[in-house]
Amino acid sequence: MVAAPGNPGIAALRPVYDGQTVGCRDVDAEDHDAVVALARELDADLVVVGPEAPLVAGLADPLRDAGIAVFGPSREAAQIEGSKAFAKDVMACASVPTGRAYVCTTPEEAATAIDAFGPPYVVKDDGLAAGKGVVVTSDREAALQHAAECDQVLIEEYLDGPEVSLFAITDGTTVLPMQPAQDFKRLGDNDEGPNTGGMGAYTPLPWAPDDLVAEITEKVLQPTIDELRHRGTPFSGLLYAGLALTSRGVRVIEFNCRFGDPETQALLPMLKTPLGGLLYAAATGKLADQGDLSWRNASAVAVVVAAKKYPASPRKGDVIAGIDQAENDDVRVFHAGTAIEDDELVTSGGRVLAVSAVGKDLAEARQRAYAAVGQIRIKGSQHRTDIALKAERGQITV
């Protein structure tokens, strides 16, 4: 198993992890020829394209053209995340429930749309923005400013109710949903501060209706996959649906075309079904042969540790200590913004680590996660202290 380019966390798994040799290769995902060459050199059975930018840029296409099994959608299908306007059009054609929206390309159009909806204003950059292209505010001037900073924006109606994340593995026909999770986008406790790429997540959702996954699969996931296939751009890979459980029912907030953090760091430690086999079945069009996914009878909580001054201008180069003390059989520390400098592990990005813990229930998982966070030392780091707290206390209702 090889990660390209990988990170210090993956490199530290060497030489063996889950019975497989692990390594990192310094390959730029933007260099499609180099990625294809590496896959051929390794005689890879499967290539998993992780981040959204390479998928939207079409990395999966030359790999498939080379006869290599790929988990990840084509350039055309990845526009479900790459363009929010495209996603809205797909949903309209597939009768998928979502919020009303205007696509705007001028300040005048944006002002008209903002005034049509009223506060709170929801302004979304149409393209990729690393999870930070959305502004939700009651400040009209702030909404207009964000719109002016984007080439094309969507102005949407505000959707009330708790939010849910649902991932689904698909081969373009069969859809296999995972269990739901909930993430926390705002920087600070009580959902205060600016939007981020995500400050934490938990799964499962003790407050969710028993039929929630079945309803979302029927009304959202399967129709979307069917519509993309009917357009001649089948979606094979991971489809993420960000949803609001509004007073009028389930509504789609956004789609992503890949595993997203921090939900993934909470979900995968809970998955009992071997992940590699699932991804390969999706990549080879044989997902229908897989049974339902199997999950641990437990809960997981992931807490993101972010660098000082994140998300505006995160500080880099601060030494990271305490990871070895934090990890145990129930706790994993996933690297995101880390690097090795002068033989020391240091920060290299905004969201530095995700600390994921499993427990018999949310209370135990939270206790283990925050105990581990407390053992990690990064100068000026920040994290939320209320991940999954309301769910643990039974304070979320639908």
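Remember, it's a predicted structure, so these values are computed and weren't measured experimentally. (Residues numbered from 1 in each chain as written. Predicted model: local features only at pLDDT ≥ 70, side-chain atom pairs only at ≥ 80, totals over all residues. Heavy atoms only, no water.)

Trainee: Before we move on, can you summarise the overall build of the protein chain with the specific residues and values?
Mentor: Regarding its fold elements, the protein chain presents 14 helices and 25 strands. Referenced to the eigenvectors of the C-alpha coordinate spread, the extents of the protein chain come out at roughly 60 × 45 × 40 Å. In the protein chain, the share of contacts with a sequence separation of at least 24, taken over all contacts with a separation of at least 6, comes to 66%. When the 36 positive and 57 negative side-chain charges of the protein chain are each reduced to one mean point, those points stand 4 Å apart. (Helix = DSSP H or I, 4+ residues; strand = E, 2+ residues; numbered from the N terminus. Contact = heavy atoms within 4.5 Å. Lys, Arg positive; Asp, Glu negative; His and termini not counted. Charge placed at Lys NZ, Arg CZ, Asp CG, Glu CD.)

Trainee: So what about a negative patch on the surface? Which residues, and what values?
Mentor: On the surface, Asp26, Asp28, Glu30, Asp31 and Asp33 cluster together to form a negatively charged patch. Considering the arrangement of structural elements, one finds Asp26 in the loop between β4 (23-24) and α2 (32-42). (Patch = residues over 30% accessible without salt bridge, like charges linked within 9 Å, V, L, I, M, F, W, Y side chains within 5 Å. Areas by Shrake-Rupley, 256 points an atom, 1.4 Å probe, with all protein chains shown as cover. Salt bridge = Lys/Arg side-chain N within 4 Å of Asp/Glu carboxyl O.)

Trainee: Got a sec to walk through the pairing of strand β21 (residues 331-335)? Specific residues and values, please.
Mentor: Residues in a regular strand point their side chains to alternate faces of the sheet. Of the two faces of β21, the one holding Val331, Val333 and His335 is buried and the one holding Arg332 and Phe334 is not buried anywhere. The pairing of β21 with strand β24 (residues 351-359) spans 5 bridges and is classified as antiparallel. Bridge assignment links Arg332 to a residue of β24, and that residue is Ser356. (Buried < 20%, exposed > 50% of the residue type's maximum accessible area, 1.4 Å probe, protein only. Pairing = 2+ DSSP bridges.)

Trainee: For the packing of aromatic side chains, give the residues involved together with the corresponding values.
Mentor: A complete count under the given rule lists 5 aromatic pairs for this structure. Aromatic side chains Tyr102 and Phe117 sit 5.4 Å apart centroid to centroid with 50° between the ring planes, which places their arrangement in the tilted category. Of this pair, Tyr102 sits in strand β7 (residues 101-104) while Phe117 is found in helix α7 (residues 107-117), placing the two residues 15 residues apart along the sequence. Exposure remark for Tyr102: the relative accessible area of 41% places this residue in the partly exposed category. Classification of Phe117 as buried rests on a relative accessible area of 19%. Pairwise contacts between aromatic rings join Phe71, Phe167, Tyr240 and Phe259 into one cluster. (Phe/Tyr/Trp six-rings, centres within 6.5 Å; stacked < 30°, edge-to-face > 60°.)

Trainee: Break down the packing of α7 against helix α8 (residues 140-148) for me, with residues and values.
Mentor: Remark: α7 packs on α8, axes separated minimally by 10 Å, with the N-to-C direction vectors making an angle of 140°. The orientation of α7 relative to α8 falls into the category oblique. Relative to α8, the crossing made by α7 is right-handed. Across from Ala110, Ala111, Ile114 and Asp115 in α7, the residues of α8 making contact are Arg140, Ala143, Leu144 and Ala147. Considering only residue class, the contact of α7 with α8 consists of 6 nonpolar, no polar and 2 charged. (Axes fitted to C-alpha atoms, helices over the stretch in contact; angles between N-to-C directions. Parallel < 35°, antiparallel > 145°, perpendicular 65-115°, else oblique. Left-handed = near helix turned anticlockwise from the far one by under 90°. Nonpolar A, V, L, I, M, F, W, Y, C, P; charged D, E, K, R; others polar.)

Trainee: Mind laying out the sheet that holds strand β11 (residues 163-170), listing which residues take part and the relevant values?
Mentor: Strands sit in the order β12-β11-β17-β18 across an open sheet of 4 strands; the sheet is antiparallel. Every other strand in the sheet has two partners, leaving β12 (175-177) and β18 (249-256) as the edge strands with one partner each. Between one strand and the next, the sheet's axes are offset by a mean angle of 35°, whatever the strand orientation. By the bridge criterion, 8 bridges tie β11 to strand β17 (residues 237-246) in an arrangement that is antiparallel. What sits directly across from Ala168, in β17, is Leu239.

Trainee: Tell me what's going on with the environment of Ala372, and back it up with residues and numbers.
Mentor: Mapped onto the secondary structure, Ala372 falls in helix α13 (residues 362-373). Through-space distance from the C-alpha of Ala372 to that of Ala147 is 40 Å; in sequence the pair is 225 residues apart. Once you skip the residues sitting within four places of it in the chain, Ala372 turns out to touch Ala326, Val331 and Val355.

Trainee: Residue-level account of the environment of Asn256, with values.
Mentor: The topology assignment puts Asn256 in strand β18. Of the residues examined, Asn256 reaches a relative accessible area of 9% and is grouped as buried. Along the primary structure Asn256 and Ile80 are separated by 176 residues, whereas in three dimensions their C-alpha atoms are 6.7 Å apart. The residues contacting Asn256, other than those within four sequence positions of it, are Glu81, Leu238, Leu239 and Tyr240.

Trainee: An account of helix α6 (residues 84-94) is needed here, citing residue identities and associated values.
Mentor: If you check which residues of α6 are buried, you get Lys84, Ala85, Ala87, Lys88, Val90, Met91 and Ala94. Buried residues along α6 sit in contact with α5 (79-82), β7, β8 (121-125), β10 (153-156), α9 (212-230) and β18. After α6 finishes, the residue Ser95 shows a positive phi value of roughly 60°.

Trainee: Give me the lowdown on the pattern of salt bridges, citing residues and values where you can.
Mentor: Across all of its chains, the model carries 22 salt bridges by this definition. Measuring nitrogen to oxygen at the nearest pair gives 3.8 Å for the salt bridge that ties Arg140 to Glu141. A relative accessible area of 52% places Glu141 in the exposed class. Residue Lys185 is joined to Asp183 by a salt bridge in which the shortest nitrogen-to-oxygen separation is 3.3 Å. Exposure remark for Lys185: the relative accessible area of 23% places this residue in the partly exposed category. Residues joined by salt bridges that share partners form a network here, namely Asp330, Lys360, Glu364 and Arg368.

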